[in-house]
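The chain contents come next:
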Amino acid sequence: MGSVPAQWRSVIPHLGYDLPADRAPHRTTGAPVQVNLPMSLARQQVGQREFWDIPEPVLEAYRRYRPTPLWRAVGFERAIGAKVPIWAKYEGGNISGSHKYNTALAQAYYYKQAGVRELVTGTGAGQWGTALAAACAQFGLACTVFMVGSSLRKKPYRGVLMRMLGAEVHASPSGLTDISRQVVADQANGLSLALGEAVQYAAAREGVAFSSGSGETYSILHQSVIGLESIEQLAEQSATVDAVVGSVGAGSNFGGIALPFACAAAAGDLAMPLLVGAESASTPKLTRGTYAYDHTDATGSGPMEAMYTIGSSYAVPDSHSAGLRYHGAAKVISAMRAAKQLSATAVHQVEALEAGRLFTLHESVLPAPESGHALAAAARIATGQDAEHRCQEGVLVCVSGHGYLDLAAYDQLLQGQLQDERPSDEVLAAAMAGLTGAVNISRLQVTA
Amino acid sequence: MSTDLELRTSINDAVKRVALTESRVSAPVSAVADDEPLNGELLSVTSMGFLGMMMQLEDDCGIVLPDDLFVGRRFTTVADVVDIVLAQVADAGTA
């Protein structure tokens with residue numbers, strides 16, 4: 001059912017405004033500009049083209065697991081009392097267990113073409129690290145992964161899988177980098193630190209590049225295969241949806257499933273559905289954050305991006321929101337949020353895992369905790385419980401990954417041991433207090 | 001057919017023009033020295049802004065920069081960028 005797209009599709013030409021330019025973190029006279037990106041990815045990052053050919057080696061790798069399944073989740077609908085159909089698009093059926101393999105393959109291919117011999121990255125729950133390790137194995141690159149230490153201890157098999165795929169895996173803080181040696185205890189648990197370690201580790205080595213993961217504009221472009229397939233698969237079943245939901249860590253699976261619908265709507269091919277990002281209530285950047293310039297990692301050395309953020313200094317509390325535990329949203333997702341072209345809702349971990357449990361029970365698919373957030377948000381919309389997001393035709397939800405390595409979280413749910421923690425307004429205000437250069441949302445007026 | 005000097009001057013001006021635009025500085029091209037730092041008193045170029053500059057120069061100069069050009073590279077002054085573009089123009093001319 002469906003086919004693998006031969007091209008990625010970008011929403012950038014349809015935004016009607018330019019994404020805010022990055023800013024230098026601080027002005028250092030004479031400091032060189034360091035560039036660590038193949039030109040192909042650079043073009044996809046800043047280019048204005050809508051359609052981008054997928055290189056044949058990447059397409060060949062895609063064909064081994066794509067098109068991914070899309071089905072009407074009738075059992076889940078019944079279990080929650082849905083008033084409209086819910087369509088599930090499942091991205092957990094590849095070696096990495098998540099959608100992140102879609103961009104990891106593309107990135108590894110382009111870096112290999114550019115002469116890089118090793119990629120280094122940081123990972124939270126381990127899905128991105130696993131995806132990159134698998135992609136590096138496919139294209140003959142070495143791979144080093146810094147994984148958030150608390151996650152690695154909870155999910156040791158993620159580390160095993162990455163090592164089976166040939167990667168070197170370090171628990172962050174690792175003690176291998178300056179930034180990890182300087183970190184204080186309450187900041188030692190976040191993805192931004194793991195990313196910062198990867199940045200420093202790569203910068204100190206020849207032929208080694210840092211791969212920033214899944215929030216970059218080019219990553220979201222690569223993820224467009226999810227939405228493009230979904231549009232075709234829904235059409236094959238004569239189904240229409242007026243809400244599209246995905247979970248948001250930085251925003252790549254949400255962007256992947258949702259933004260092709262925005263492209264198709266802009267082209268007049270379908271009506272624009274509600275695009276709803278489901279974020280963790282423990283890292284509520286889209287619902288309680290501010291649109292400002294912030295750092296993407298703990299080193300603060302890279303360019304500052306305009307993003308919805310709760311502050312890169314925010315000490316992310318330990319939880320089962322896994323890959324959603326990131327302080328900021330991708331720049332394209334953030335800009336569209338500011339321009340009111342998409343919406344967001346926050347979900348606590350108990351509700352997310354309960355939605356995941358119901359989906360497992362009634363659809364025979366075990367979702368990752370991240371996907372549980374999307375399923376919970378979809379359930380609210382489909383049952384009419386979400387007063388902000390109403391739909392009448394159907395909801396499409398991205399089940400971005402499997403939860404086989406997250407069973408400890410489900411065990412805690414079954415044992416009644418999970419609690420929700422909502423960050424206080426004071427804590428968030430303190431984390432955002434240092435942010436400067438708030439983005440003037442009125443400058444994102446749609447001009448096209 | 002441009003002479004080497006004319007070509008260098010043309011590319012020099014093109015690089016300075018996009019660097020000023022990227023830095024959001026309203027100044028004439030003549031205000032930018034050949035060895036002007038990309039991050040200094042006048043210009044302020046981020047790594048992502050630099051990539052935007054290079055895309056613009058691809059269009060302006062009719063060249064296609066190869067994939068392996070930028071991985072791991074550092075650029076300090078305007079002249080560093082001019083040298084890269086000139087080399088690609090020369091390659092295009094001999095290809």
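Refer to the structure presented above.
First things first, this report covers the structure right here in the doc. (Residues numbered from 1 in each chain as written. Chains lettered and ligands numbered in written order. Predicted model: local features only at pLDDT ≥ 70, side-chain atom pairs only at ≥ 80, totals over all residues.)

Attention shifts here to the environment of Ala-377 of chain A. Structurally, the position occupied by Ala-377 of chain A is in helix α16 (residues 369–382). For Ala-377 of chain A and Gly-246 of chain A, which are 131 residues apart along the polypeptide, the C-alpha to C-alpha distance reads 8.6 Å. (Helix = DSSP H or I, 4+ residues; strand = E, 2+ residues; numbered from the N terminus.)

Right, let's get into the sheet that holds strand β7 (residues 142–148) of chain A. All names here are of chain A. One open sheet holds the four strands; their spatial order is β8-β7-β6-β9, and the pairing between them is parallel. Lying at the two open borders of the sheet, with one neighbouring strand each, are β8 (168–172) and β9 (208–210). Taking each pair of neighbouring strands and ignoring which way they run, the sheet shows an average axis angle of 20°. For strand β6 (residues 118–123) and β9, the ladder comprises three bridges, and the chain directions are parallel. Following the sheet pairing, Glu-118 is matched in β9 by Val-208. In this fold helix α9 (residues 191–203) packs onto β6, β7, β8 and β9, with an angle of close to 160° to the strand it touches most, β6. (Pairing = 2+ DSSP bridges. Axes fitted to C-alpha atoms, helices over the stretch in contact; angles between N-to-C directions. Contact = placed C-beta atoms within 7 Å.)

Moving on, we get to unusual backbone geometry. The omega torsion of the bond from Arg-66 of chain A to Pro-67 of chain A falls at -5°, within 30 degrees of zero and hence cis. Along the chain, Pro-67 of chain A turns up in the loop between α2 (56–63) and β4 (70–72). Cis geometry marks the peptide bond from Ser-172 of chain A to Pro-173 of chain A, where omega comes out at 5°. Secondary-structure assignment places Pro-173 of chain A in the loop between β8 and α8 (178–182). The backbone of Ser-364 of chain A shows a phi angle near 60°, a positive value even though the residue is not glycine. For Ser-364 of chain A, a count of 8 C-beta atoms within 10 Å translates into the label exposed. Unlike most non-glycine residues, Arg-24 of chain B shows phi in positive territory, near 55°. Considering the arrangement of structural elements, one finds Arg-24 of chain B in the loop between α1 (4–23) and α2 (47–61). (Buried ≥ 20, exposed ≤ 12 C-beta atoms within 10 Å, placed from the backbone.)

This brings us to the interface of chain B and chain A. With 27 residues of chain B in contact, the opposing surface of chain A contributes 30 residues. Within the residue set of the side of chain B that touches chain A, elements represented by two or more residues are α2 and β1 (73–75) of chain B. It is α2 of chain B that provides the largest number of residues to the side of chain B that touches chain A, a total of seven residues. Among the residues forming the side of chain B that touches chain A, the class breakdown is 13 nonpolar, nine polar and five charged. As paired elements, strand β2 (residues 33–35) of chain A and β1 of chain B share three bridges and run antiparallel to each other. In the sheet register, Gln-34 of chain A faces β1 of chain B, and the bridge partner there is Arg-74 of chain B. (Nonpolar A, V, L, I, M, F, W, Y, C, P; charged D, E, K, R; others polar.)

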